[in-house]
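Descriptive structure summary
Chain residues, written in single-letter form:
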Amino acid sequence: MSAPAMPEKVAGIMPVKFEKFGLRHYLICLKGVVLRECLRFLHQRERFISSLVRPLIWLFIFAAGFRQVLGVSIIPPYKTYVLYEVYITPGLCGMILLFSGMQSSLSMVYDREMGNMRTLLVSPFPRWFLLVSKMLAGVSVSIAQVYAFLIVAWFWGVKAPPIGYLMVLPALFLSGMMLCALGMLLSSMIKQLENFAGIMNFVIFPGYFASPALYPLWRIQEASPLLYKICLANPFTYAVELIRFAFYGQIDWLSLGVVAGCTVLFLAAAIIAYDPSRGLMTRKQDTGGNA
Amino acid sequence: MHRRACALAILATGFMAGPASAYMAYVSNEKDNTMSVVDTTTMQVVKTVNVGQRPRGITISHDGKHIYLCASDDDSIEVIDTASLEIVDTLPSGPDPELFVLSPDGKTLYVANEDDNLVTVIDIEGKKVLAEIPVGVEPEGMGVSPDGKTMVNTSETTNMAHFIDTSTHEITDNVLVDARPRFVEFTPDGKQAWVSAEIGGTVSVIDNQTREVIRKITFEISGLRAESIQPVGVRITADGKKAYVALGPANRVAVINTQTYEVEKYVLVGQRVWQLAFTPDQKTIISTNGVSNDITFIDVATDEPVQSVTVGALPWGVVVSPN
């Protein structure tokens, strides 16, 4: 019965006429969001250094220790024996994207607590566009981090074929989008900044370790068939493999399909979650940190 | 018109040259008594041939028509036709032939008989033994100078390189090297003989004039124990600039600058890398990796491993067809 009354009610509350935005307006908005993220990243030099130090520690120390244990096996896309540091480099690229994606979700929670998010969300642009802009901003920053890492790795002797550095860009972008979308979805569920530790425990660590980032899946299968199945159910597994194959100029279609599918799924879920009329945001209003 | 004809001619020769570069690599598999035939262009095994027991040393005639293979446990050398890939003949070799070398004129084989401390000289055409030269204990490595005048044998237990005059079949010099010398390779100018020592972990560079060790090359790989670095096969590029040394259980092939005697790079290959062979165009060097049952193609220009290909069990030696 109340349903027919709705339009009147809405019209009563919002008499504003929606202006039709052109592409230019969208681009200005996108630029604003991306620039803000980049500036924030550049100004936080510690964050840049720490994002670089984390994978480098794995590369310099962990890989050196495990070189003899895991150094020899030929699995696609490799055609010959590779050193362990060569094997984990795509995984470490994935790690940068994973941490970065979660960091952008952290920044969403932070923005919400600080009230910045209201500024963003009251913008007349559609909600999905704002979220995608935010994700693009996060992904651009994380791709810059990956390339910085790859430059250092190159001097460490971890070299992919030159074309691989170009081919890996779309793979990094798509994987980054997937992880950012996941982060975005998670951020809609986190009430307070302090809860971010939960993300660390429940998303980053399992996601990272239950994947072929550090050890080939056949080794995991040898150790535990159950763990192998968990790895296969982990979207991060496919992100790592997509990046790994791209490094050698190849496309792993299964990984591409899974990563693309998960990106769409997570993105759609995040958009729904951030939609005030349907999503989780409404339910949180009374418990929100900035209330 | 004329120019076009020229261009066509160049194109045509280009196409004709194309298939000629498809060399075949022949790999002796010590454990399963087979020889793998590998196309070096597609890097795929095209055929596996059953041969005598415990095939080890392998070489090919200069015209590429016959492969000579040491069937160690059959105490003979098998002659395999490269066209039919069938054993067409056997040569008398003395007991337990392990490694041999073909004289530059292609007429004589010098064979190391591991068990009875002899080097056997075989006339290929006459299929007869020309001479038996007593050398040190456990002869193994065999090398011949490019002019064919000097032949070198190493004895694994005596730890010596024996320089033998090929006209008199007499030992002229004995040079002490490090423990368990495995392989001899002459530089293309014939001025030096490089001898690898498996247990000693070194490569001794011997001056062919003075017959003295002028340099000892050592190897060091971070994260590997010195004992696991065991130099075996040695190959030097035709221009004499680079030497490749297979380092056994170190799973690496060392690339050495022959001017400075410094190791420039260690190339990761399969497990227990044993012998090496260049393709005739010198663009690729192939290593046999015994324990991992594969061979690795290494690009000579970049010294990067390109691809590893599974062959038979315990690949030992490798030779590439000259055409």
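1. Side note on the overall build of chain B
From N to C terminus, chain B includes one helix and 28 strands. A compact globule built from 323 residues would reach a C-alpha radius of gyration of about 20 Å, and chain B, at 19 Å, matches this within 12%. Across its three principal directions, the C-alpha atoms of chain B cover 65 × 50 × 40 Å. Counting only residues that meet the buried cut, chain B has 50% of its 323 residues in that class. Restricting the contact set of chain B to residue pairs at least 6 apart, pairs at least 24 apart contribute 42%.

2. Considering the overall build of chain A
Counting its regular elements, chain A contains 13 helices and zero strands. Along chain A, helices and strands appear, N-terminal first, in the series α-α-α-α-α-α-α-α-α-α-α-α-α. Counting all 291 residues of chain A, 36% fall into the buried class. The long-range fraction of contacts in chain A, counting pairs at least 24 apart against all pairs at least 6 apart in sequence, stands at 80%.

3. Thoughts on the interface of chain B and chain A
Taken together, the contact between chain B and chain A spans 11 residues of the former and nine residues of the latter. Tallying contributions element by element places strand β27 (residues 304–310) of chain B first for the side of chain B that touches chain A, with four residues. The class makeup of the residues in the side of chain B that touches chain A is four nonpolar, seven polar and no charged.

4. Overview of the sheet that holds strand β7 (residues 87–92) of chain B
Within a beta sheet, neighbouring strands are joined by backbone hydrogen bonds and run either parallel or antiparallel to one another. All names here are of chain B. An order of β4-β5-β6-β7 is seen for the four strands of this open sheet, with the pairing classed as antiparallel. A strand with exactly one partner marks an edge of an open sheet, and here the two such strands are β4 (55–60) and β7. In this sheet, neighbouring strand axes are inclined to one another by 25° on average, regardless of whether the strands run parallel or antiparallel. Looking at chain direction, strand β5 (residues 66–71) and strand β6 (residues 76–81) are connected through six bridges and run antiparallel. Looking at the pairing, I67 lines up with I80 of β6.

5. Here we look at the pairing of β5(B)
Residue and element names in this part refer to chain B. Among the six residues that make up β5, six are buried, leaving the element largely enclosed by the rest of the structure. Of the two faces of β5, the one lined by H66, Y68 and C70 and the one lined by I67, L69 and A71 are each fully buried. Note that β4 and β5 share four bridges and pair antiparallel. Bridging across to β5, I60 finds its partner in I67. Hairpin connection from β4 to β5: five residues lie between these consecutive antiparallel strands, with G64 at a positive phi of about 75°. Counting the residues that bridge the hairpin from β5 to β6 gives four residues, and of these D75 lies at a positive phi of roughly 55°.

6. A look at the nonpolar core
Counting 88 residues, the largest nonpolar core has A25(B), Y26(B), L69(B), Y110(B), A161(B), V245(B) and V253(B) as the members making the most contacts within it. In this structure, A161(B) is in contact with V152(B), T154(B), V175(B), V177(B), P181(B), V184(B), A193(B), V195(B) and I206(B), ignoring residues within four places of it in sequence. A63(A), V168(A), M178(A) and I220(A) belong to the second largest nonpolar core, which has 65 residues in total.

7. Thoughts on the sheet that holds strand β14 (residues 160–165) of chain B
Residues and elements named next belong to chain B. Taken in spatial order, the four strands line up as β12-β13-β14-β15 in an open sheet, and their pairing is antiparallel. Only two strands of the sheet have a single neighbouring strand rather than two, namely β12 (139–144) and β15 (170–176). Adjacent strand axes in the sheet meet at a mean angle of 25° when their direction is disregarded. Note: β12 against strand β13 (residues 150–155), four bridges, orientation antiparallel. Bridging across to β13, P139 finds its partner in S155.

8. Points about the pairing of strand β22 (residues 252–257) of chain B
Residues and elements named next belong to chain B. Note that strand β21 (residues 242–246) and β22 share five bridges and pair antiparallel. Bridging from a neighbouring strand, K242 pairs with N257 of β22. Turn length for the β21-β22 hairpin, with the two strands adjacent in sequence and antiparallel, is five residues, and the turn residue G248 shows positive phi of about 55°. The sheet contact formed by β22 and strand β23 (residues 262–268) spans six bridges and is antiparallel. Bridge assignment links N257 to a residue of β23, and that residue is E262. In this structure, the hairpin formed by β22 and β23 is closed by a connection of four residues, where Y261 is found at a positive phi of approximately 60°.

9. Remarks on the confidence of the model for chain A
All names here are of chain A. Confidence in the prediction for chain A averages 82 pLDDT; 85% of positions are at 70 or higher. Segment residues 1–12: pLDDT under 50, and zero contacts once partners within four positions in sequence are set aside and those in other chains are kept. Note on residues 286–291: pLDDT under 50 across the span, and 11 contacts to partners over four residues away in sequence or across chains.

10. Re helix α11 (residues 235–247) of chain A
For α11(A), which comprises 13 residues, the first-to-last C-alpha distance of 19 Å matches the rise-based estimate of 18 Å (1.5 Å per residue) to within 8%. Count one or two residues on from α11(A) and you reach G249(A), which has phi positive near 70°.

11. Brief notes about the packing of helix α7 (residues 162–187) of chain A against α11(A)
Residues and elements named next belong to chain A. With their axes 7 Å apart at the nearest point, α7 and α11 run at an angle of 165° to one another. Compared by their axis directions, α7 and α11 come out roughly antiparallel. As for the relative orientation of α7 and α11, their crossing is right-handed in sense. Together, G164, M167, V168, A171, L172, L174, S175, M178 and L179 of α7 and P235, A239, L242, I243, A246 and F247 of α11 make up the contact between the two elements. Taken together, the residues that form the contact of α7 with α11 break down as 13 nonpolar, two polar and no charged.

12. A few points about the packing of α11(A) against helix α12 (residues 253–274) of chain A
Describing two packed helices takes the angle between their axes plus the distance from one axis to the other. Residues and elements named next belong to chain A. Orientation of α11 relative to α12, taken along the N-to-C sense of each, is 130°, at an axis distance of 8 Å. The orientation of α11 with respect to α12, classified from their angle, is oblique. Like other packed secondary-structure pairs, α11 and α12 cross with a definite hand, here left-handed. In this structure, α11 contributes P235, Y238, A239, E241, L242 and F245 to the contact, and α12 contributes S255, L256, V258, V259 and C262.

13. Quick look at the environment of M108(A)
Here M108(A) is to be found in helix α4 (residues 84–114). M108(A) sits 76 residues away from M184(A) along the chain, and the two C-alpha atoms are 7.5 Å apart.

14. Focus on unusual backbone geometry
Here P76(A) and P77(A) are connected by a cis peptide whose omega angle stands at 5°. Looking at the secondary structure, you find P77(A) in the loop between α3 (45–70) and α4. If you check the backbone angles, L314(B) has positive phi at about 55° while not being a glycine. Inspection of the secondary structure puts L314(B) in the loop between β27 and β28 (315–320). Judged by local crowding, L314(B) falls into the buried class, with 21 C-beta atoms found within 10 Å.

Thresholds, definitions, all that
- Numbering of residues starts from 1 in each chain and follows the order in which that chain's sequence is written.
- Ligands are numbered from 1 and chains lettered from A, in the order in which they are written.
- Owing to the predicted nature of the model, reporting of local features is limited to residues with pLDDT of at least 70; listing and counting of side-chain atom pairs is limited to 80 or more, with chain, interface and lining totals taken over all residues.
- Elements are defined by DSSP. Helices are runs of H or I of four residues or more, strands are runs of E of two residues or more, and each kind is numbered from the N terminus.
- Values of the radius of gyration come from C-alpha atoms, whereas the globule rule sets the reference at 2.2 Å times the count of residues to the power 0.38.
- With C-beta atoms placed from the backbone, a residue is buried if 20 or more other C-beta atoms are within 10 Å of its own, exposed if 12 or fewer are, and partly exposed between those counts.
- Here, residues touch in the contact sense if the C-beta positions derived from the backbone fall within 7 Å of one another.
- Just so you know the grouping, Ala, Val, Leu, Ile, Met, Phe, Trp, Tyr, Cys and Pro go in nonpolar, Asp, Glu, Lys and Arg go in charged, and all remaining residues, Gly too, go in polar.
- Any two strands are treated as partners once DSSP identifies two or more bridges connecting them.
- Axes, fitted as lines to C-alpha atoms, cover a helix only where it is in contact. Angles between the N-to-C directions of the axes lie from 0 to 180 degrees.
- A set of buried residues drawn from Ala, Val, Leu, Ile, Met, Phe, Trp, Tyr and Cys, joined through C-beta atoms within 7 Å, is what defines a nonpolar core.
- You can read pLDDT as the predictor saying how much it trusts each residue, on a scale of 0 to 100.
- One less than the number of residues in a helix, times 1.5 Å, gives the span that helix is expected to have.
- By the definition adopted for this analysis, an angle is roughly parallel if under 35 degrees, roughly antiparallel if over 145, roughly perpendicular if from 65 to 115, and oblique otherwise.
- Two helices that cross are described as forming a left-handed crossing if the nearer one is turned anticlockwise from the farther one by less than a right angle, and a right-handed crossing if clockwise.

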